[in-house]
Amino acid sequence: VVGGVASSENNDALKGGGEGGDSSPTKTGLGGDEDAAAATTTAGEGGGGGEKKDEPANGSHFDQAKALVEAKDWKALNGGDELAVALKQKECLVGFSTLPCHWPPTFKVGRGEGYQYNEKRTPSYTDRILWKSAEGMTNNVIPFLYEPCPDFITSDHKPIRGAFAV
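Analysis parameters
- Residues numbered from 1 in each chain as written.
- Predicted model: local features only at pLDDT ≥ 70, side-chain atom pairs only at ≥ 80, totals over all residues.
- Heavy atoms only, no water.
- Helix = DSSP H or I, 4+ residues; strand = E, 2+ residues; numbered from the N terminus.
- Buried < 20%, exposed > 50% of the residue type's maximum accessible area, 1.4 Å probe, protein only.
- Salt bridge = Lys/Arg side-chain N within 4 Å of Asp/Glu carboxyl O.

Asker: Whenever I open this one, unusual backbone geometry confuses me. Can you help?
Answerer: Across residues other than glycine, the phi torsion is negative in most instances, and most of the peptide bonds are trans. Between F107 and K108 the backbone carries a cis peptide bond, its omega angle lying at -10°. Here K108 shows up in the loop between α5 (82-88) and β2 (130-132). For K72, which is not glycine, the phi torsion reads 55° and is therefore positive. Tracing the backbone shows K72 in the loop between α3 (61-70) and α4 (74-79). Residue class for K72 comes out exposed when judged on its relative accessible area of 61%. Of note in this structure, L93 is not a glycine but carries a positive phi near 45°. For L93, a relative accessible area of 5% puts it in the buried group.

Asker: Could you clarify how one ought to interpret the pattern of salt bridges in this entry?
Answerer: Think of it this way: side chains of opposite charge can pair up when their charged atoms draw near. For the structure on display, the rule yields four salt bridges. For the salt bridge of R128 with D81, the shortest nitrogen-to-oxygen distance reads 2.9 Å. With R128 in the loop between α5 and β2 and D81 in the loop between α4 and α5, the pair connects residues that are 47 residues apart, well separated along the chain. Taken individually, R128 and D81 each receive the classification buried, so the pair is uniform in this respect. Close ionic contact of D156 with K108 constitutes a salt bridge, the shortest N to O distance being 2.9 Å. Here D156 is found in the loop between β3 (142-148) and β4 (160-165), whereas its partner K108 is found in the loop between α5 and β2, with 48 residues between them in sequence. Each member of the pair, D156 together with K108, is buried.

This is the structure:
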């Protein structure tokens, strides 16, 4: 079993379409942090949507994402999970798997307990666990824990932890 954490971004899930920048995942492999960040996309960091680090979130992404978080509508947030779509369509990280996130986005948060989001960045699932098993052994990797660490306070990310039966 190979595990890893990847960065992500998403524009279409919160805009309802392809407006803004090119949000299609880059077709790359595990060539380093830049490849992982470009190849894996999920609800919100927004690099492809024209956002810049010091500017407010593109359009109303922040407000829409925050409303979904407050409503605990994880299904809607995961509905725009470009990483899951790209994995399913074998557009990136072929053979790797991940699980949907049933918790608030883990980036970009204030350094402290809980989830206080930076309004200059759209909340995002940038922290994920990916795994890959040997051919024919996929059903032998069974995740039984997949959750964030909301009390982690020394970063603008909340790390993810997972446990698997192999």
